[in-house]
Amino acid sequence: MTFDFEAPSSASTLASSRLLAPLNEEQLKAVTLPAEHALILAGAGSGKTRVLTTRIAWLLQTGQVTPGGILAVTFTNKAAKEMVVRLSAMLPVNVRGMWIGTFHGLCNRFLRAHWQLAQLPQTFQILDTQDQLSAIKRLCKQFNVDEDRFPPKQLQYFIAGCKEDGQRAADVPVRDDETRRKVEIYQLYEEQCQREGVVDFGELMLRSYELLRDNAHVREHYRRRFRHTLVDEFQDTNKLQYAWLKLLVGLPGEGSGGAILAVGDDDQSIYAFRGARVGNMADFVREFQVQHQIKLEQNYRSYSNILDSANELISHNKTRLGKTLRTDQGAGEPVRVVESVSDFAEAQWLVDEVRQLVKQDDFERKEIALLYRSNAQSRVLETALFNAGFPYRVYGGLRFFERAEIKHALAYLRLMENPNDDTSFLRVVNFPPRGIGARSIEQLQDVARAAGCSLHDAVSATTGKAGANLAAFVAMVDVLREQTAGKTLREIIDLVIDKTGLVNHYRAEKEGADRVENLEELVNAAESFVTQEGFGRSAVAMPQGSLGLTQSPASQGLVGDAADAPVDEFSEDGVTMSPLAAFLTHAALEAGDNQAQAGEDAIQLMSVHASKGLEFDAVFITGLEEGLFPHENAMNDFDGLEEERRLMYVAITRARKRLYLSHSQTRMLHGQTRYNLKSRFFDELPEHCLKWITPKTAGFGTGVGSGMNAGGWTNTPAQNRQARPAWGQSSLSTETYKSPPVPVQKAAPEHGITAGKQVFHTKFGEGKVLAVEGTGTDARAQVNFPRHGIKWLALSVAKLTLV
DNA sequence: ACACGATTCGTTTTT
DNA sequence: CGAATCGTGT
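Residues numbered from 1 in each chain as written. Chains lettered and ligands numbered in written order. Predicted model: local features only at pLDDT ≥ 70, side-chain atom pairs only at ≥ 80, totals over all residues. Heavy atoms only, no water.

## Quick notes on the overall build of chain A
Move 1: Assigned secondary structure in chain A consists of 28 helices and 22 strands.
Move 2: Evaluated residue by residue, chain A yields a buried proportion of 56% over its 803 residues.
Move 3: Of all intrachain contacts in chain A linking residues separated by at least 6 positions in sequence, the fraction that spans at least 24 positions is 76%.
Move 4: Total accessible area on chain A stands at roughly 33,700 Å², and carbon and sulfur atoms take up 50% of it. (Helix = DSSP H or I, 4+ residues; strand = E, 2+ residues; numbered from the N terminus. Buried < 20%, exposed > 50% of the residue type's maximum accessible area, 1.4 Å probe, protein only. Contact = heavy atoms within 4.5 Å. Areas by Shrake-Rupley, 256 points an atom, 1.4 Å probe, with all protein chains shown as cover.)

## Things to note about the protein's contact with DNA strand C
Move 1: As a matter of local geometry, DNA strand C sits amid Arg379, His670 and Gly671.
Move 2: A distance of 2.9 Å separates a phosphate oxygen of DNA strand C from a polar side-chain atom of Arg379. (Near = heavy atom within 4 Å. Polar contact = N/O pair within 3.5 Å; in protein donor to acceptor, adjacent residues only side chain to side chain.)

## So, the protein's contact with DNA strand B
Move 1: Lining the immediate surroundings of DNA strand B are 26 residues, of which Thr129, Arg373, Asn375, Gly437 and Ser607 lie closest.
Move 2: Among all atoms of DNA strand B positioned within 4 Å of the protein, those belonging to sugar or phosphate total 50%.
Move 3: Within the backbone of Asn375, a nitrogen or oxygen atom sits 2.7 Å from a phosphate oxygen of DNA strand B.
Move 4: One of the side-chain nitrogen or oxygen atoms of His631 is found 3.5 Å away from a sugar or linking oxygen of DNA strand B.
Move 5: Along the lines of polarity and charge, the residues of the surface near DNA strand B split into nine nonpolar, 13 polar and four charged. (Nonpolar A, V, L, I, M, F, W, Y, C, P; charged D, E, K, R; others polar.)

## Describing the sheet that holds strand β2 (residues 70–74)
Where strands meet in a sheet, backbone hydrogen bonds hold them as pairs that are either parallel or antiparallel.
Move 1: A sheet is described by the order of its strands in space; here six strands give the open sequence β3-β2-β6-β7-β1-β8, paired in parallel fashion. Each having just a single partner strand, β3 (99–102) and β8 (292–296) make up the two edges of the open sheet. For this sheet the average axis-to-axis angle between neighbouring strands, irrespective of direction, equals 15°.
Move 2: Two strands pair when backbone bridges link them, and β2 and strand β6 (residues 228–231) are joined in this way by four bridges, in the parallel orientation. (Pairing = 2+ DSSP bridges. Axes fitted to C-alpha atoms, helices over the stretch in contact; angles between N-to-C directions.)

## Here's the deal with the packing of aromatic side chains
Move 1: In total, this model carries 23 aromatic pairs according to the counting rule given.
Move 2: Geometrically, the ring pair formed by Phe400 and Phe401 is edge-to-face, given 5.2 Å between the ring centres and 75° between the ring planes.
Move 3: Aromatic ring contacts, followed pair by pair, group Phe75, Trp99, Phe103, Phe110, Tyr222, Phe226 and Trp244 into a single cluster.
Move 4: Between the NZ or CZ atom of Arg112 and the centre of the ring of Phe124, over which it lies, the distance is 3.7 Å. (Phe/Tyr/Trp six-rings, centres within 6.5 Å; stacked < 30°, edge-to-face > 60°. Lys NZ or Arg CZ within 6 Å of the ring centre and 35° of its normal.)

## A closer look at the packing of helix α14 (residues 343–359) against helix α15 (residues 378–387)
Move 1: Following both chains from N to C, one finds α14 and α15 inclined at 45°, their axes separated by 9 Å at the closest point. With respect to α15, the axis of α14 lies oblique. Viewed along their axes, α14 and α15 form a crossing whose handedness is right-handed. Across from Asp343, Phe344, Ala347, Leu350 and Val351 in α14, the residues of α15 making contact are Val380, Leu381, Ala384 and Leu385.
Move 2: For the contact of α14 with α15, a count of residues per class yields eight nonpolar, no polar and one charged. (Parallel < 35°, antiparallel > 145°, perpendicular 65-115°, else oblique. Left-handed = near helix turned anticlockwise from the far one by under 90°.)

## A look at the nonpolar core
Move 1: Counting residues in hydrophobic clusters, the biggest one holds 61 residues, and the most contacted among them are Tyr186, Tyr189, Leu204, Tyr222, Phe234, Trp244 and Phe284.
Move 2: By residue number, the principal contributor to this core is helix α11 (residues 239–249), which donates eight residues.
Move 3: Counting 48 residues, the second-largest nonpolar core is a separate cluster that includes Cys453, Leu495, Val496 and Ala587. (Core = buried A, V, L, I, M, F, W, Y, C linked by side-chain atoms within 4.5 Å.)

Nothing here speaks to function; it is all geometry.
In structure tokens:
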């Protein structure tokens, strides 16, 4: 094996070979690429993180770069943290010198260092999604925006979308009145944020982008510094993030920039709905004239029945770069396919199967995942698991720093840092209640508006009893600020939650025990944030010179930055962050875990989206039905179905040993029973990898009523409680281990319209019935008309005739 | 200011 | 069906 890097010392050759030994040929090639732009197409389970971290380690080990020359970008804090952990396990390097973090974390770091250039207050605060929404609502009220015509949620979506595309209000093309108004509001929102000294997530990116765009010397500084930029999950980057990378590194011919190593998998692009642009991969190859493209197709996770299923499914997508996973692990068990009569039955069956997995097959509970397309589906599963006494853990709820009581406490802390933060001001000005009602606040807002100042500054100009109460509130915050000067973070937070009356307020509430506990937990979180400082801080701008390059040019120890330009904007001011400021940033950028269920060995429940990047010994993909998965709402945009298929691909490739695919004939949705066809994805899987293990019972009449069916599961009372239409005798096969017959009669028969049938509509013409739901006058049918698309039609209204 | 009925509206989500 | 929000009444 030959390496084309500069002659290393014998010691580092040894060390390198130790690093490189566990790699396969593809991985090795990727890790030891020359310092040029490269794209790694890393299939699921192909050792992507290993390549990324080994690449960094190898670059350092062979002396090609110093820690300061490394920039590694990820999407989640978890991924960033994992990279740091694995890297430090690989070699004793100063991880601190490197910039490893999320896009937003790194942008925050930029803006903290260059707050003046970015025209931000030094103490700017970060709005999370909730804060942003409430800021928009407030704005709408102030400017009398019709909230029916312009729902705040939609405005939020609009603004975030603009920023993801790198557009300021002035850049948005206006086609119609509605857009014009939205853009106006966007502009007003921007002004409000600027006045209050707050930035939302999109703004962190956009402001950082503009900073680089508009300041050539800053841009040059970073381009010279970062010799190697590594981007994880590149398929998830949006337009702005890619533009940011282009500025930060520079296109070929633009001089001093380093090399980008982008790692991604177009088949796992499942975030187009929030602005991700898979096209960035192709653009990257073109614009950076990428000469090195490597596919990692060796999978170390799953048996081939699982992998072949994934391969076959994804091959139905038209727009892909093309990639086929392979494994040496042998076929393994077949993929099991299960059909249930109802979502309750499905849940019950899952519970029984899980029990068997644990009892007989020695699966650990935490190695079993139940996946679903939408979070609403977790409820039935939870109920069944709960009744069976199984410990389980649901991902995707409120996270720690998003809880109301925590946000209240943080709002006080933020006000101490930045009194102009009106969002925080309004959150706690009357919480706990201190006699400042809506009337007083309106009055205050009028004053603030007239004076063009923050609510905090307007207080002194407010008179009367309201004025006195407000003055008292402001005084309290001011006193807290003074009292906590020089105190430790723990002491500060202790003092705040006590003196503001937060803890007492929740103590007095009958349901408040959890909230008190959470507030105490906040104190602990602060404590460990301070003591662990230096670990897991990758996404956070940290105090005291950890931002090497932001030191003044005269100072020593700039890593990886030999030729330093005299840039006086790089003041040390942005670097000296108080522990409190750092903690607030941490809270905003890292919302924390959602309640860890006591670290128990528990079954894992999560949406397919949330499962990306994880793996389990056994995976159940539930609710594989038309309309649900693929989701009906996804069928509107043209890439919708393909993204659903990628989602399914992600789900399948989570499984190591055993995979179950489950669908149900009926499902409760919005309080109504829906009759669904099984997902089209079943037709896209290789027959020989599958095994149908649901007995093909004769529909509801016998299968449910008999209490026990051929599959061996017992019906619960819950199932029997379910109202059910009278089913026509269906001629379902009773064979157990065979492919299922084509979708059978699955609709209430009274109108004769059933899923799968061809119907005729006077206006839309001929179409195929996809689903039928409801009964009597509520009955609706979902019909796919070739010319007019998929429509829901009320059977009592629409004239549908069977063809 | 708050509590309680009425109503509305239901993908996916990280930062 | 169930949550989250809304509006009215005390």
